[in-house]
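So you can see what is in the structure, the chains are spelled out below.
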Amino acid sequence: TVPTSCPSRRRFTSLGGKMTNVRRKNVALGSLLVAACWGGLKGCDAFRAVGSPPLLRTGVTLLDGTSSGMAFGGKSSITLHSSVSDSNNEVVEKLSEGLRELSECVSITYGYLFKPDDSVTAEDVVMSCDAVDEEQPNSLRQKAHEFGRYHLLVKLLKTDYDAYVKTAEFLSPSRIARLDLPNLQDVAYDPASEDQASTQPSSRTVEEDGKSLVADCELEDMKFSESPLDKILLSIFRSQVTENTGGVTSDIPGIKGLLAQGREYMTKELPEGVTYAEHSKEQNTMVKKTLAALMTPVLPPFYRIFMSGIVPKLGTEWDGKQIGPWFYAPWLTTIVTPIFFGFLVGPSRPNRRSDGQRGGLVVEKCKFLQESGCKGLCLHQCKIPAQDFFREELGLDLTVKPNFVTQECQWSFGEKPLTPDEDPSFPNGCLVGCESRKAMADRKGEVLCM
């Protein structure tokens, strides 16, 4: 026991008294705060008051055994009923409803996905369109039917290509947006009608001065935006074109300046005895060199090994042999290509190849074709050199199919291309409004674009 005369005890008692006074003041303030909260609580939707305000008391027991608190309220008592349980019931009901909807949508999707490929018909696709139209716009069920419809088209594409093309032409663009189709390679489109499917060929021909020409695209031009990466890649590409063409350049900025370089090189005066058909091979070589420089010396070997499955030189009997392409190569290439080729062709998105497999890429409206309006530039400085570069330098087949009616372009990685002479979808003759054709008007007997 500490004596009462001990100085330390007196100091401790004095300090305890001060601390007790502070606590009493804090409790009083806390009680006022509780009272204020009660005033606001009465108006809260989460509680219901029955009768008069109750007598509420708040307080604490202090270190010295005393208590402090505040009482407030009315003369009669009330019962507070929390509506939390009601809110919980509503949440549970909504959650149950959402889970039921999700379960039904999963069931719908399951039915589409696991339908045997060889049993899918054009009628199934039409019925899926009806199901889409019957649902609320942008609802989960409508999305499920749209997803299922897409996969029905993929299954039809795999098993019966001709039936797929006819079905797609019948339903698009009136009931299925054109870019929602899994493949656009041979799907015709009539720009004069958005209400019914086209029965016209993918490229229309017109006669002018006894020559068969390809009609110009009648769709509205797309406005292209360029990212900082696009500008950098375009600048590098143009500098390489200048180097590989022996100094052909242009002061025009952007993609139009690149096309001016390409057109000047394509239509230049040739040495005696050299034809423009032979010069087209020089154009192909120029573009392939430019693409190789753009990819740097590092990327092609990496791609050949890890995408195309070509064995590097290791001093073995397998050196240079191709055991690929690996199964993921076509699909993965469609993911990367929009990033690094957008500066040339504009926006693009992955879709399916003509065999229904992954590895397709559709260019929504080709920047190169729209800005040039020239089939010769498209053929000799894009389509053929791109196909040759992927096959010869990267070890992966590529088919590039432009549509001169819509200026779309279907790229199919892993698909062996046909030559323009063998490809029935590639039309003969220049475009009607082609500036290159006008520049070559006085050079009789020379053909730039077949």
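Residues numbered from 1 in each chain as written. Predicted model: local features only at pLDDT ≥ 70, side-chain atom pairs only at ≥ 80, totals over all residues. Heavy atoms only, no water.

Participant: Before we move on, can you summarise the packing of aromatic side chains with the specific residues and values?
Facilitator: Applying the stated criterion to the full structure yields 10 aromatic pairs. Measuring from centroid to centroid gives 4.4 Å for Y110 and F114, while their planes differ by 35 degrees, and the two rings are tilted. Comparing Y110 with F114 shows no difference in burial state: the two are exposed. Through successive ring pairs, a cluster of aromatic residues spans F341, F389, F390, W411 and F413. Directly above the aromatic system of W318 lies the positively charged group of K321, at a separation of 5.3 Å from the ring centroid. (Phe/Tyr/Trp six-rings, centres within 6.5 Å; stacked < 30°, edge-to-face > 60°. Buried < 20%, exposed > 50% of the residue type's maximum accessible area, 1.4 Å probe, protein only. Lys NZ or Arg CZ within 6 Å of the ring centre and 35° of its normal.)

Participant: Got a sec to walk through the pattern of salt bridges? Specific residues and values, please.
Facilitator: What the rule picks out here adds up to 17 salt bridges. The partner of R175 in a salt bridge is D130, with the nearest N and O atoms 2.9 Å apart. Here the residue R175 occupies a position in the loop between α5 (161-171) and β5 (205-208), and D130 occupies one in helix α3 (residues 122-134), the gap between them amounting to 45 residues. Classification of R175 by relative accessible area gives partly exposed; the value is 31%. The exposure class assigned to D130 is partly exposed, which follows from its relative accessible area of 31%. (Salt bridge = Lys/Arg side-chain N within 4 Å of Asp/Glu carboxyl O. Helix = DSSP H or I, 4+ residues; strand = E, 2+ residues; numbered from the N terminus.)

Participant: Can you break down helix α12 (residues 375-394) residue by residue, with the values?
Facilitator: The sharpest bend along α12 measures roughly 35 degrees and falls at P385. When you tally the buried positions in α12, you get 17 out of 20 residues, the bulk of the element. Backbone geometry just after α12 places G395 at a positive phi near 80 degrees. (Bend = angle between axes of the 7 residues up to and from the residue.)

Participant: Mind laying out the sheet that holds strand β10 (residues 409-413), listing which residues take part and the relevant values?
Facilitator: Taken together, 4 strands build an open sheet; the order of strands is β7-β8-β10-β9 and the sheet is antiparallel. Each edge of the sheet is formed by a strand with only one pairing partner; in this case those strands are β7 (348-352) and β9 (398-402). Neighbour-to-neighbour, the strand axes of this sheet turn through a mean angle of 25 degrees, independent of strand direction. As paired elements, β7 and strand β8 (residues 358-363) share 5 bridges and run antiparallel to each other. Bridge assignment links R352 to a residue of β8, and that residue is R358. Across the sheet, helix α10 (residues 329-345) lies against β7, β8 and β10, angled at about 20 degrees from β8, the strand it touches most. Each of β9 and β10 touches α12; the most contacted strand, β9, lies at about 160 degrees to it. (Pairing = 2+ DSSP bridges. Axes fitted to C-alpha atoms, helices over the stretch in contact; angles between N-to-C directions. Contact = heavy atoms within 4.5 Å.)

Participant: Give me the packing of helix α7 (residues 254-266) against α12: which residues, what numbers.
Facilitator: The interhelical angle for the contact between α7 and α12, taken along N-to-C directions, is 90 degrees, at an axis separation of 11 Å. Taken as axis vectors, α7 and α12 run roughly perpendicular relative to one another. Across the interface between the two elements, L259, G262, R263 and M266 from α7 touch G376, L377 and Q381 from α12. Of the residues belonging to the contact of α7 with α12, the class tally is 3 nonpolar, 3 polar and 1 charged. (Parallel < 35°, antiparallel > 145°, perpendicular 65-115°, else oblique. Nonpolar A, V, L, I, M, F, W, Y, C, P; charged D, E, K, R; others polar.)

Participant: Tell me about the side chain of T167, and name the residues and values.
Facilitator: Topologically, T167 is positioned in helix α5. With residues near it in sequence (within four places) discarded, T167 still touches A122, V125, L153 and L156.

Participant: Talk me through the confidence of the model for the chain; I want residue IDs and the actual numbers.
Facilitator: Overall, the prediction assigns the chain a mean pLDDT of 81, with 75% of residues at 70 or greater. Contacts of residues 8-16 to residues separated by more than four positions or lying in other chains number 5 contacts, the stretch itself having pLDDT below 50. Here residues 195-202 is a poorly scored stretch, pLDDT under 50, and it has 18 contacts once near neighbours within four places are set aside; other chains count. (pLDDT = per-residue confidence, 0-100.)

Participant: Would you mind going over a nonpolar patch on the surface in detail, with residue names and values included?
Facilitator: Side chains of L229, W331, I335, V336, I339 and F340 sit close together on the surface and give an oily, nonpolar patch of about 510 Å² of accessible area. Within the element layout of this structure, L229 appears in helix α6 (residues 228-244). (Patch = residues over 30% accessible without salt bridge, like charges linked within 9 Å, V, L, I, M, F, W, Y side chains within 5 Å. Areas by Shrake-Rupley, 256 points an atom, 1.4 Å probe, with all protein chains shown as cover.)

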